[in-house]
2 protein chains.
Amino acid sequence: MSYSIKEIADMMGVTTATLRYYDKEGLLPNVKRVNGIRVFEDKDFKWLRVLNCLKNTNMPIKEIKRYVELSKEGDKTLQERYDLILKQEKRILEDIRQFNHYLKEIEFKKTYYREAIRAGSEEAVKDWPSSYPSLDLDKIPSSKKGK
Amino acid sequence: MSYSIKEIADMMGVTTATLRYYDKEGLLPNVKRVNGIRVFEDKDFKWLRVLNCLKNTNMPIKEIKRYVELSKEGDKTLQERYDLILKQEKRILEDIRQFNHYLKEIEFKKTYYREAIRAGSEEAVKDWPSSYPSLDLDKIPSSKKGK
DNA sequence: ATAAAAGTTAAAGTTAACTTTAAGTCAAGC
DNA sequence: GCTTGACTTAAAGTTAACTTTAACTTTTAT
């Protein structure tokens, strides 16, 4: 099967301009052309799914480009590509770890606001967060007097 | 306790320039000044920890600023602040969900490369990923002939 | 055969989140 | 009292990742 740039763009949820930008940056290796017009094939689509994975887990475009270049150089770069993938795995694991931590803080704030809304004021739940020492959060003075 | 901008910067792992930028953008409400010089207090430090949480979970600075402004307006904005926090919780949950998904793809690639390295070539593991249908990844032609 | 839709490029513009620079003010040690 | 180092501001510069524009070509539909 082969696809136009617009079809691929729709499948990936990006614009054609973005795909052309990726191509220019060397992120789309060996895309076929007919009369100068890009013709995407299944292998391109498969690669785009990997690209999407790397992009959405915050691998910088420069690093993705490096990965593409290594792939083009064949088997002698297998180890280096493996290392890049390992590095990316670490990034993702660390991000998940951090997000889970911050999620707890946010959930605490959720409870805090629910209580405050129930009570009608923040003042009423002022010294309530004491049960969660690291998080008696943002009691900003609210500029009660003086600006 | 009170702290200089440098002390706070070190505690937060950012530069003083970044803190001044945040202040200029209205992200640091009511920071005390002595002779024009910022003096951070414990309440500021506590807020900075929340700011850090929101920032590191990709809340845009504009939205954080909105949150700060709502906080200054007092109890009548409790519901709106709660809604912002809820929205942020959803963002985090969705990000964790996605990251876990992509983590699986990356782990698959890790295994793929380990096998290829063991075998000495990608060709040797060419039709191996069939066990993982959505992921028989990036077999880029490697420009074997013709560029 | 022609008009509209979809493709192309190079280059300039945008946005977010900082960072750097320049020019100056304030506090501490000698 | 003067130099050194930390503080200040406003404004310009940077970087990543696109997006938009302008001018042009190719494909598709009538």
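Further up the page is the structure itself.
Just so it is clear, the structure is predicted and the values come from calculations on it, not from any experiment.

Novice: Help me understand the protein's contact with DNA strand C in this model?
Specialist: Surveying the vicinity of DNA strand C reveals 17 residues, the closest of which are A:Arg20, A:Arg38, B:Thr18, B:Tyr22 and B:Asn35. Here the atoms of DNA strand C within 4 Å of the protein split so that 82% fall in sugar or phosphate, with bases taking the remainder. Separating a phosphate oxygen of DNA strand C from a backbone N or O atom of A:Arg38 is a distance of 2.8 Å. With respect to DNA strand C, the side chain of B:Asn35 contributes an N or O atom lying 2.9 Å from a phosphate oxygen. Looking at which element gives the most residues to the surface near DNA strand C, the answer is helix H2 (residues 16-24) of chain B, with four residues. Split by residue class, the surface near DNA strand C holds seven nonpolar, five polar and five charged.

Novice: It is not clear to me how unusual backbone geometry should be interpreted in this structure. Could you clarify?
Specialist: Glycine aside, a negative phi is what most residues show, and trans is what most peptide bonds show. Residues other than glycine seldom take positive phi values, yet A:Asn58 does so here, at roughly 65°. For A:Asn58, the position within the fold is in the loop between helix H3 (42-56) and helix H4 (61-72). The exposure class assigned to A:Asn58 is partly exposed, which follows from its relative accessible area of 48%. Even without a glycine there, the phi angle at B:Asn35 is positive, about 55°.

Novice: Got a minute to help me understand the packing of helix H1 (residues 5-12) of chain B against H2(B) in this structure?
Specialist: Helix-helix packing: each pair is described by the crossing angle between the helix axes and the interaxial distance. Residue and element names in this part refer to chain B. One way to put it is that H1 packs onto H2 with a least axis distance of 8 Å and a crossing angle of 100°. Relative to H2, the element H1 lies roughly perpendicular. Contact with H1, carried on its side by Ile-5, Lys-6, Ile-8 and Ala-9, involves Thr-16, Leu-19 and Arg-20 of H2 and no other residues of that element.

Novice: It is not clear to me how the sheet that holds strand S2 (residues 32-34) of chain A should be interpreted in this structure. Could you clarify?
Specialist: Sheet strands pair via backbone hydrogen bonds, and the direction of the pair is either parallel or antiparallel. All names here are of chain A. A sheet is described by the order of its strands in space; here three strands give the open sequence S1-S3-S2, paired in antiparallel fashion. Among the strands making up the open sheet, the edge pair consists of strand S1 (2-3) and S2. In this structure, S2 lies alongside strand S3 (residues 37-41), joined through three bridges in antiparallel fashion. Looking across to S3, one finds that Arg-33 is bridged to Arg-38. Strand contacts of H3: S1 and S3, with the helix running at about 80° to S3, the strand carrying the most contacts.

Basis of the calculations
By convention here, each chain's residues receive numbers from 1 onward along its written sequence. Written order decides the labels, with chains lettered from A and ligands numbered from 1. It should be noted that, the model being predicted, local features are given only for residues of pLDDT at least 70 and side-chain atom pairs only at 80 or more, the latter also being counted only at that level, while totals for whole chains, interfaces and linings use all residues. Values reported for side chains reflect all heavy atoms of the structure, with hydrogen atoms and water molecules removed beforehand. Throughout, near means a residue has at least one heavy atom within 4 Å of the molecule or strand. Contacts described as polar in this section are N or O atom pairs within 3.5 Å, which, within protein, must combine one atom able to donate a hydrogen with one able to accept it, while residues neighboring in sequence count only if both atoms come from side chains. What counts as a helix is a DSSP run of H or I of at least four residues, what counts as a strand is a run of E of at least two, and both are numbered from the N terminus. Classification used: nonpolar for Ala, Val, Leu, Ile, Met, Phe, Trp, Tyr, Cys and Pro, charged for Asp, Glu, Lys and Arg, polar for all others including Gly. Categorising residues by exposure relies on relative accessible area from a 1.4 Å probe, with only protein chains included: less than 20% of the type maximum marks a residue as buried, more than 50% marks it as exposed, and the intermediate range marks it as partly exposed. Axes, fitted as lines to C-alpha atoms, cover a helix only where it is in contact. Angles between the N-to-C directions of the axes lie from 0 to 180 degrees. Any angle that is under 35 degrees is reported as roughly parallel, and any over 145 degrees as roughly antiparallel; angles of 65 to 115 degrees are reported as roughly perpendicular and all others as oblique. Between two residues, a contact is recorded if the distance between any of their heavy atoms is within 4.5 Å. Being paired, for any two strands, means DSSP has found at least two bridges between them.

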